[in-house]
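Observations on the model geometry
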Amino acid sequence: MGTGAITQYVDVAQLVLYMFWAFFAGLIYYLVRENHREGYPMDSGRNDSSNITGWPVPPTKVFKTEHGDMIAPNPAKDAMRPAVTPIQGHPGTTFEPIGDPMLAGVGAGAWTPRANFPDAQADGTPRTRPMRLLGEYSMSPNNVDPRGVPVYGADGKVAGTVTDCWLDVSEMVIRYLEVKVDDTGATPNVLLPMNFARVKDGDLIGNILKSLGAEKLLHTGRGAKPDARIEVGALLATQFAQVPRTQSMDQVTIQEEEKITAYYGGGSLYATPDRMEPLV
């Protein structure tokens, strides 16, 4: 027998190779199992409503986080089903929302459950806060100050007035506009994501209104031109009252940001019935 041989048919090189194969097979099994911690069971889309469990199913594991324990897989979370129903009986058919499509949380307005605490900076303070709490920040005089400027919905009607700007102090950008709507709820103000807002400085609009003799429609905001306005094409004016509210008037959680943005996203498709129709 040569060097390293254990018997006439087995040597050390063979054992090392077999050990590597066993290790690699175990690694693949482990990675596939861990990949099934979230997102399962999956809906197969078949008429029998059968689910894909995602074999191999990992055992429940508790993850220790700063804001409490997180369980994965989470049976309660994974059992959630979207509020949709198929419009026809065959597999692969189109789904339509159940109930109010703006609040169904599906399609263009889909959101996912996230942590219900504010997105924090390195020092633990919330990164997105209203400017009324940030005395060291101010609006540039070269830009339109949206505070006090009216907000118009896609129907051209006034939805409310901007009362404050919520600043992302990490990125130095305005994330939300705080809008006071005509609502009798306990929290009258709602947040408007800045990427859904179009700020008009008022020069062109003001000239048009003045030419039509409608100067009374002009509004004045702090640092803004008298005829400045903010337009939101995603929602109608009346739909601002249903924007998901925040638990606190001074901070917004990651979960709340998810739902607020999803509501405006849903409006881009569900705000009016004709938006759900195909374009010909």
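Everything below is about the structure shown above.
A brief structural summary. This is a predicted model, so every value here is computed, not measured.

Another point: the nonpolar core. In this structure, Val151, Leu192, Ile230, Leu235, Phe240 and Tyr264 are the most contacted members of the largest nonpolar core, which totals 34 residues. Mapped by element, the contributors of at least two residues to this core are strand E9 (158-168), strand E10 (173-181), strand E11 (189-193) and helix H4 (254-270). When residues in this core are grouped by element, the largest group, 5 residues, is from E9.

As a further point, take unusual backbone geometry. The residue after Ala72, namely Pro73, is reached through a cis peptide bond having omega -5 degrees. The phi torsion at Met172 lies on the positive side, around 60 degrees, for a residue other than glycine. Residue placement: Met172 occurs in the loop between E9 and E10.

A separate point is the environment of Asp250. On the secondary structure map, Asp250 appears in the loop between strand E13 (229-231) and H4. On the basis of relative accessible area, Asp250 is assigned to the partly exposed category, the value being 34%. Along the backbone, Asp250 and Leu133 are 117 residues apart, and their C-alpha atoms lie at a distance of 8.0 Å. Not counting residues up to four positions away in its chain, the partners in contact with Asp250 are Arg129, Pro130, Arg132, Leu133 and Trp166. Among the polar contacts listed, one links the side chain of Asp250 to the side chain of Arg132, at a separation of 3.4 Å.

Time to look at H4. In a regular helix each residue adds 1.5 Å, so 17 residues correspond to 24 Å; H4 covers 24 Å between its end C-alpha atoms and thus fits that length. On its buried side, H4 packs onto strand E6 (95-97), E10 and E11.

Tallied over the entire structure, the rule returns 13 salt bridges. For Arg114, the salt bridge is made with Glu258, and the minimal N-O distance between the two is 3.6 Å. With Arg114 in the loop between E6 and strand E7 (128-130) and Glu258 in helix H4, this pair connects stretches of sequence that are 144 residues apart. A salt bridge links Glu171 to Arg127, with the nearest nitrogen and oxygen atoms 3.6 Å apart. Of this pair, Glu171 sits in the loop between E9 and E10 while Arg127 sits in the loop between E6 and E7; the two residues are 44 residues apart in sequence, bridging distant segments of the chain. Taken together, the shared-partner salt bridges connect Asp119, Arg127, Asp168, Glu171 and Arg175 into one network.

Conventions and cut-offs
What you see as residue numbers is a count from 1 along each chain, following the sequence as written. Only residues with pLDDT of at least 70 are given local features in this predicted model, and only at 80 or more are side-chain atom pairs given and counted; all residues enter the totals for whole chains, interfaces and linings. For the side-chain quantities, the full set of heavy atoms in the structure was used; hydrogens and water were omitted. The definition of a nonpolar core used throughout is a set of buried Ala, Val, Leu, Ile, Met, Phe, Trp, Tyr and Cys residues joined through side-chain atoms within 4.5 Å. Exposed residues in this analysis have more than 50% of their type's maximum accessible area, buried residues have under 20%, and partly exposed residues fall in between, with area computed by a 1.4 Å probe over protein chains only. The way it works is that DSSP assigns letters per residue, a run of H or I at least four long becomes a helix, a run of E at least two long becomes a strand, and they are numbered from the N terminus. We call two residues in contact when some of their heavy atoms are within 4.5 Å. Definition of a polar contact: a pair of N or O atoms within 3.5 Å, with one able to donate and the other able to accept a hydrogen when the atoms are protein atoms, and with sequence-neighbouring residues admitted only if both atoms are side-chain atoms. An expected span of 1.5 Å times one less than the residue number is assigned to each helix. Think of a salt bridge as a Lys or Arg side-chain nitrogen and an Asp or Glu carboxyl oxygen that are within 4 Å of each other.

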